[in-house]
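Examination of the molecular architecture
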Amino acid sequence: MPPRAPGGIALVPGLIHYPAYLDRAAQERLAREVAALVAASPLYTPRMPRTGKPFSVRMSNGGSLGWVSDAGGYRYQPHHPETGAPWPPIPATALAAWEALGAYPAPPEACLVNLYDATARMGLHQDRDEADLAAPVLSLSLGATALFRYGGLRRGDPTLSVRLRSGDALVMGGPARLIHHGIDRLLPDAPDLLGDAGGALGFPPPGTRCNLTLRRVNPPATTGDA
Ligand code: MD6
Ligand code: FE
């Protein structure tokens, strides 16, 4: 395994938090890249399998595959569910973070973009729609601070929470790859590093939070791009 970047904090084995991994300039660069991504591939409201209940988070994707959810279920697909267009490329700043922190020899195929407003949340879930569970999931946060909750492999396991701030990276891999986790809420009073710059850039909109999760979906051997 390649060496990990310094500064990571193991919240539990395999769940590594890198506070302020992206400096201010890198956050602004990533914010511009994601603004261009969502201009080409608009945020949409996903729906829960079976019930069709809308998510409170809006989503888009970059990469050869994007994660989507609708009444038909969760899946990865190569095109936007509303425009039918292929997803745009994964932002370069996010790819660089995968190479530095991903600890995996193949590039990510999917970059899920989540946008939270002040009332949005994400229930406790596992990321388990990927055929390749050997690869970690890398998350990058921009904008407002969020309360991230994480537990164990069983749904009823006790949980802890950590604040994810603008510029933070989080790697979920190894023994933590399938732990339950979610976002309780944004913390409106916690100033975010991107602050005014985010407002000036227009993305993420003031008071909102954007999270990117990069995933390897298929084992490298089946796609030949390792
Ligand atoms: C979020 N993150 O931070 C939601 N999943 O908005 C996730 O669901 C997540 O942060 C897998 C790995 C890291 C994550
Ligand atoms: Fe997740």
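Before reading on, note that the structure itself is shown above.
Conventions used here
- Residues numbered from 1 in each chain as written.
- Chains lettered and ligands numbered in written order.
- Predicted model: local features only at pLDDT ≥ 70, side-chain atom pairs only at ≥ 80, totals over all residues.
- Heavy atoms only, no water.
- Pairing = 2+ DSSP bridges.
- Helix = DSSP H or I, 4+ residues; strand = E, 2+ residues; numbered from the N terminus.
- Axes fitted to C-alpha atoms, helices over the stretch in contact; angles between N-to-C directions.
- Contact = heavy atoms within 4.5 Å.
- 1 Å grid on protein atoms, 1.4 Å probe; cavity = no way out; pocket = protein on both sides within 12 Å on 5 of 7 lines; lining within 4 Å.
- Points joined across faces, edges and corners; volume = space filled by probe spheres on them.
- Nonpolar A, V, L, I, M, F, W, Y, C, P; charged D, E, K, R; others polar.
- Donors = N, O, S within 2.8 Å, 3.2 Å for Na, K, Ca; no water.
- Buried < 20%, exposed > 50% of the residue type's maximum accessible area, 1.4 Å probe, protein only.
- Phe/Tyr/Trp six-rings, centres within 6.5 Å; stacked < 30°, edge-to-face > 60°.

Further remarks concern the sheet that holds strand β11 (residues 169-172). The strand order across the open sheet formed by seven strands is β1-β2-β11-β8-β13-β6-β3, and the pairing between neighbours is antiparallel. The open sheet has two edge strands with one neighbour each: β1 (9-12) and β3 (58-63). The average undirected angle you get between the axes of adjacent strands in this sheet is 20°. Two elements, strand β8 (residues 137-143) and strand β13 (residues 209-215), share six bridges in a ladder whose sense is antiparallel. Within the sheet, the bridge partner assigned to L138 lies in β13 and is L214. Sitting on the sheet, helix α2 (residues 92-101) is in contact with β2 (15-18), β8, β11 and β13, with an inclination near 135° to β8.

On to the layout of surface pockets, then. In this approach a probe as big as a water molecule rolls over the atoms, and the regions it shows empty are the leftover space. Approximately 830 Å³ is the volume attributed to the largest pocket. In terms of lining residues, the largest pocket is bounded by 38 residues, among which F55, M122, G123, L124 and H125 are the most central. Those elements that provide at least two residues to the lining of the largest pocket are β6 (110-116), β7 (122-125), β8, β11, β12 (181-186) and β13. Looking at side-chain class alone, the lining of the largest pocket contains 17 nonpolar, 12 polar and nine charged residues.

Let us look at the sheet that holds strand β9 (residues 146-150). Strand pairs in the sheet, formed through backbone hydrogen bonds, run parallel or antiparallel to each other. Spatially, the four strands line up as an open sheet ordered β7-β12-β9-β10, and their pairing is antiparallel. Either end of the sheet is taken by a strand with one partner, and the two such strands are β7 and β10 (160-164). Adjacent strand axes in the sheet meet at a mean angle of 25° when their direction is disregarded. One ladder, built from five bridges, connects β9 with β12; its direction is antiparallel. Bridge pairing in β12 places R149 opposite G182.

This part covers the coordination of the iron ion (ligand 2). The coordination sphere of the iron ion (ligand 2), as far as protein atoms go, consists of H125 (NE2), D127 (OD) and H181 (NE2), spread over 2.1 to 2.2 Å. The sequence pattern describing where the donors of the iron ion (ligand 2) fall on their chain is H-x1-D-x53-H. Residue classification places H125 among the partly exposed residues on the basis of a relative accessible area of 22%. Among the residues examined, D127 registers a relative accessible area of 6% and is labelled buried.

All right, on to the packing of aromatic side chains then. The relative placement of two aromatic rings is captured by the distance of their centres and the angle of their planes. Counting across every chain of the model gives four aromatic pairs. With a centroid separation of 6.2 Å and an interplanar angle of 65°, the aromatic rings of Y18 and Y21 are classed as edge-to-face. You can call Y18 buried: its relative accessible area is 2%. Residue Y21 is classed as partly exposed on the basis of its relative accessible area, which comes to 27%. Their ring planes at 25° and their centres at 6.4 Å tell us that F148 and Y150 sit as a pair that is stacked. For Y150, a relative accessible area of 6% corresponds to the buried category. Members of the aromatic cluster, connected to one another through ring pairs, are F55, W67 and Y74.

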